[in-house]
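Remarks on the overall topology
Here are the chains, one letter per residue:
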Amino acid sequence: DVAPSRGLGDVYKRQVLYERFVIFMYFQRLRDLREDSDMTQTQTAKILHTSQTVYSRYERGFQTIPVEHLLILADFYDVSVDYILGRTNNKKLQK
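Residues numbered from 1 in each chain as written. Predicted model: local features only at pLDDT ≥ 70, side-chain atom pairs only at ≥ 80, totals over all residues. Heavy atoms only, no water.

Okay, the overall build of the chain next. If you tally the helices and strands in the chain, you get five helices and zero strands. In the chain, the succession of α and β elements from N to C terminus is α-α-α-α-α. A total of 95 residues make up the chain; the buried ones form 32% of that total. Counting only contacts in the chain whose residues sit at least 6 apart along the sequence, the fraction spanning at least 24 positions is 46%. For the chain, the accessible surface area stands at approximately 7,000 Å², while carbon and sulfur atoms represent 53% of it. (Helix = DSSP H or I, 4+ residues; strand = E, 2+ residues; numbered from the N terminus. Buried < 20%, exposed > 50% of the residue type's maximum accessible area, 1.4 Å probe, protein only. Contact = heavy atoms within 4.5 Å. Areas by Shrake-Rupley, 256 points an atom, 1.4 Å probe, with all protein chains shown as cover.)

One finds Leu30, Tyr55, Tyr58, Leu73 and Ile84 to be the most contacted residues of the largest nonpolar core, which totals 16 residues. At the level of elements, helix 1 (8-36), helix 3 (52-60), helix 4 (67-77) and helix 5 (81-84) are the ones that each hand at least two residues to this core. Of all the elements, helix 4 adds the most residues to this core, at four residues. Excluding its chain neighbours within four sequence positions, the residues that come into contact with Tyr58 are Phe27, Leu30, Leu48, Gln63, Thr64, Ile65, Pro66 and His69. (Core = buried A, V, L, I, M, F, W, Y, C linked by side-chain atoms within 4.5 Å.)

Phi at His49 takes a positive value of approximately 55°, unusual for a residue other than glycine. Mapping His49 onto the fold places it in the loop between helix 2 (41-47) and helix 3. A positive phi angle, near 60°, is found at Asp78, a position not held by glycine. Inspection of the secondary structure puts Asp78 in the loop between helix 4 and helix 5.

With that settled, consider the side chain of Arg29. With respect to the helices and strands, Arg29 occurs in helix 1. Despite its burial, Arg29 pairs with no opposite charge, the nearest such side chain being Asp32 at 6.0 Å. (Lys, Arg positive; Asp, Glu negative; His and termini not counted. Salt bridge = Lys/Arg side-chain N within 4 Å of Asp/Glu carboxyl O.)

A full pass over the atoms with the stated rule returns two aromatic pairs. Residues Tyr55 and Tyr58 carry aromatic rings whose centres are separated by 6.1 Å and whose planes lie at 80° to one another, so their mutual orientation is edge-to-face. Of the two residues, Tyr55 and Tyr58 both sit in helix 3, three residues apart, roughly one turn of that helix. Of the two residues examined, Tyr55 and Tyr58, each falls in the buried class. In this structure, Arg29 is placed above the aromatic ring of Tyr83, and the distance from its NZ or CZ to the ring centre is 4.0 Å. (Phe/Tyr/Trp six-rings, centres within 6.5 Å; stacked < 30°, edge-to-face > 60°. Lys NZ or Arg CZ within 6 Å of the ring centre and 35° of its normal.)

For the rest of this paragraph, the subject is the confidence of the model for the chain. Averaged over all residues, the pLDDT of the chain equals 83, while 71% of them reach at least 70. Per-element confidence in the chain ranges from a low mean pLDDT of 72 for helix 1 to a high of 98 for helix 2. (pLDDT = per-residue confidence, 0-100.)

In structure tokens:
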């Protein structure tokens, strides 16, 4: 028996699944951090100098969050950007 080869299609599928997981993680983390701080989307949007509609799109994954907004939220919530992006489960930066 010959095992089926793993072509580029398999690699691509794994990459897409990974990217969807990472994207879902940061959308979920944005919402969790906001709700843990007892804030509304409108209040969070004001911190970012944007509209509630735009912020809602960040949380729902319909719009990519700009780096500037990501940095502002990480500082505001006192967590690392890596935590928001789902690259770590440690909220604080390792020093």
